[in-house]
Amino acid sequence: MHSESPIGVFDSGLGGISVLYEIHKLLPNEDLIYLGDSQYNPYGTKTKEQITDRCIAICDRFVEMGVKMIVIACNTATSACVPLLRERYDIDIIGMEPALKVACERGADRHVAVWATDFTLKEKKFAALMHRFDQEHSIEKVACPTLVRIVEEDDLDNEARVNEVLTGYIRQSGAVDSIVLGCTHFVFFKKRLEEMLPSSIELIDGNFGTARHVRELLEQKHLINENGSGTISWINTLPEKIGLSKKLFSHMEDSIK
Ligand code: DGL
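Values in this document were obtained by computation on a predicted structure and should not be read as measured data.

> Is there a simple way to explain the overall build of the chain in this structure?
A tally of helices and strands in the chain yields 12 helices and 9 strands. Relative to the globule expectation of 18 Å for 257 residues, the C-alpha radius of gyration of the chain, 17 Å, shows essentially globular dimensions. Along the longest, intermediate and shortest principal axes, the C-alpha atoms of the chain span 50 × 40 × 35 Å. By residue count, 55% of the 257 residues in the chain fall in the buried class. Expressed as a percentage of contacts within the chain between residues at least 6 apart in sequence, the contacts between residues at least 24 apart total 78%. Element-wise, carbon and sulfur atoms account for 48% of the exposed surface of the chain, whose accessible area totals about 11500 Å². For the chain, the centre of its 29 positive side-chain charges and the centre of its 39 negative side-chain charges are spaced 2 Å apart.

> Looking at this structure, how should I read unusual backbone geometry?
Trans peptide bonds make up the majority, and among non-glycine residues the majority have a negative phi. Of note, the bond from Asn41 into Pro42 is cis; its omega dihedral lies within 30 degrees of zero at 0 degrees. Relative to the assigned elements, Pro42 resides in the loop between β2 (32–36) and α2 (48–64). We note that Asp109 has phi near 50 degrees; this positive angle belongs to a residue other than glycine. Position of Asp109 among the secondary structure elements: in the loop between α4 (100–104) and β5 (111–116). One non-glycine residue, His222, lies in positive phi territory at about 55 degrees. With respect to the secondary-structure elements, His222 resides in the loop between α10 (207–220) and β9 (232–236).

> Help me understand the side chain of Asn41 in this model?
Relative to the helices and strands, Asn41 resides in the loop between β2 and α2. Within the structure, the side chain of Asn41 is placed 3.0 Å from the side chain of Ser12, a separation counted as a polar contact. In this structure, Asn41 is in contact with Ser12, Gly13, Lys46, Val148, Glu152 and His185, ignoring residues within four places of it in sequence.

> Would you mind showing me how to read the pattern of salt bridges here?
When the charged atoms of two side chains lie near each other, side chains of opposite charge can form a pair. Here the structure, examined in full by the defined rule, presents 14 salt bridges. Here Lys125 ties to Glu97 by a salt bridge, and the two come within 2.9 Å at their closest N and O atoms. Of this pair, Lys125 sits in helix α6 (residues 124–133) while Glu97 sits in the loop between β4 (92–94) and α4; the two residues are 28 residues apart in sequence, bridging distant segments of the chain. Judged by its relative accessible area of 30%, Lys125 falls in the partly exposed class. Note that Lys190 and Asp205 form a salt bridge whose closest N and O atoms lie 2.8 Å from each other. One end of the pair, Lys190, is in helix α9 (residues 190–196); the other, Asp205, is in strand β8 (residues 202–205), and 15 residues separate them in sequence. The burial state of Lys190 is the same as that of Asp205; both residues are buried.

> Whenever I open this one, the environment of Ile51 confuses me. Can you help?
Its location among the elements puts Ile51 in helix α2. On the basis of relative accessibility, which here comes to 0%, the residue Ile51 falls in the buried class. Ile51 sits 119 residues away from Ile170 along the chain, and the two C-alpha atoms are 28 Å apart.

> Please explain the sheet that holds β2 as it appears in this structure.
Strands pair in a sheet through their backbones, by hydrogen bonds, and they do so in one of two ways: parallel or antiparallel. Read across the open sheet, the 5 strands follow the order β4-β3-β1-β2-β9; overall the sheet is parallel. In this open sheet, the two strands that pair with only one neighbour each are β4 and β9. Recorded for the sheet is a direction-independent mean angle of 20 degrees between the axes of neighbouring strands. Judged from the 4 bridges that link them, strand β1 (residues 7–11) and strand β3 (residues 69–72) form a sheet pairing that is parallel. Within β3, the residue paired with Phe10 across the bridge is Ile72.

> It is not clear to me how the packing of helix α7 (residues 145–152) against helix α8 (residues 159–173) should be interpreted in this structure. Could you clarify?
When two helices pack together, their arrangement is given by the angle between the helix axes and the distance between those axes. Direction vectors running N to C along α7 and α8 enclose 160 degrees, while the axes themselves pass 10 Å from each other. For the element pair α7 / α8, the angle class is roughly antiparallel. α7 and α8 meet at a crossing whose hand is left-handed. Contacts from Pro145, Thr146, Leu147, Arg149 and Ile150 in α7 reach Arg161, Val162, Val165, Leu166 and Tyr169 in α8. The class makeup of the residues in the contact of α7 with α8 is 7 nonpolar, 1 polar and 2 charged.

Rules of the game
- Residues numbered from 1 in each chain as written.
- Predicted model: local features only at pLDDT ≥ 70, side-chain atom pairs only at ≥ 80, totals over all residues.
- Heavy atoms only, no water.
- Helix = DSSP H or I, 4+ residues; strand = E, 2+ residues; numbered from the N terminus.
- Rg over C-alpha atoms; globule rule 2.2 N^0.38 Å.
- Buried < 20%, exposed > 50% of the residue type's maximum accessible area, 1.4 Å probe, protein only.
- Contact = heavy atoms within 4.5 Å.
- Areas by Shrake-Rupley, 256 points an atom, 1.4 Å probe, with all protein chains shown as cover.
- Lys, Arg positive; Asp, Glu negative; His and termini not counted.
- Charge placed at Lys NZ, Arg CZ, Asp CG, Glu CD.
- Polar contact = N/O pair within 3.5 Å; in protein donor to acceptor, adjacent residues only side chain to side chain.
- Salt bridge = Lys/Arg side-chain N within 4 Å of Asp/Glu carboxyl O.
- Pairing = 2+ DSSP bridges.
- Axes fitted to C-alpha atoms, helices over the stretch in contact; angles between N-to-C directions.
- Parallel < 35°, antiparallel > 145°, perpendicular 65-115°, else oblique.
- Left-handed = near helix turned anticlockwise from the far one by under 90°.
- Nonpolar A, V, L, I, M, F, W, Y, C, P; charged D, E, K, R; others polar.

The values are spatial; any link to function lies outside them.
Structure follows, in C-alpha cells:
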C-alpha cells in the first residue's frame, strides 16, 4: 500500500459529498474517489442485509481500484455493517455515527434531538449509543427521510418545500439545546437551519471529526500523501448524477458555516 494511493469515500448517494468536502479541505494533497450509490438510495428504509450487500459491492470495487483507506460517509451504512466490513478487508475503514456524544458533553441535562434515517435510529448501534447518555440527558429521535429525497432530487433551491419540511422536523424535535445532524445528507441544510433556528440552538455534525480521524489514521500509518494533486474522481451508480455531485461539492462553501 502506498501513500500515493487514493482514498475511497462512499455514501448511499450524494450526502457523503459533504464529508468529502471536509476531507479535501483538511488533506488537499490526497487523491479521492467518491462513489455515490444513488441507484439504491435511500438506504435508510432498506434492510440490514440489503445495505450490507451494497456496501460489500462498493468496497470490493474500491479494493480493486487500489485505495489505501475507505471512508463510509454514511451513518446508515456504518450502523448496518461496519464490523463486518472491517473483518472482511485489510485496509482501514472509517465509519460515522451521529455525534450525540459531542452534544451531551456540552453540559449537564442537555435536551438533544438526533435527526437521522429510520434505519440508523432503529439499529442496535444507536440504541447502545443512546443508552450511554439518556439517563442524564433528554434525547429525541427524529427520522427525516424527506431531507434525503430533497438532496437526491436536486431540490435544495426549492425554498418553499425546504422551509415546510424543516419546519415540520423542528416542531417534532421539541424544545432543544442542540440538534445532531446524524445523516450526511442533512449537512446541506445547515445554513438554512441556522437562519430558521434561534442562535442558542447548536447544530452538530460529525463531518469535521471524520476528516480529522482520516488524517490521524493516515499519520499513524505513515500514509499521508505529500505530493498528490488532490484530484477527485466521481463515480455514481446513476451516472447522470455526476453533474449534481459536482454542483453539491462546489456549493458546500455556502451550505456550511
Ligand atoms: N447519507 C446517509 C446517512 O448518513 C443516509 C441516507 C439514506 O437514507 O440513504 O445516514
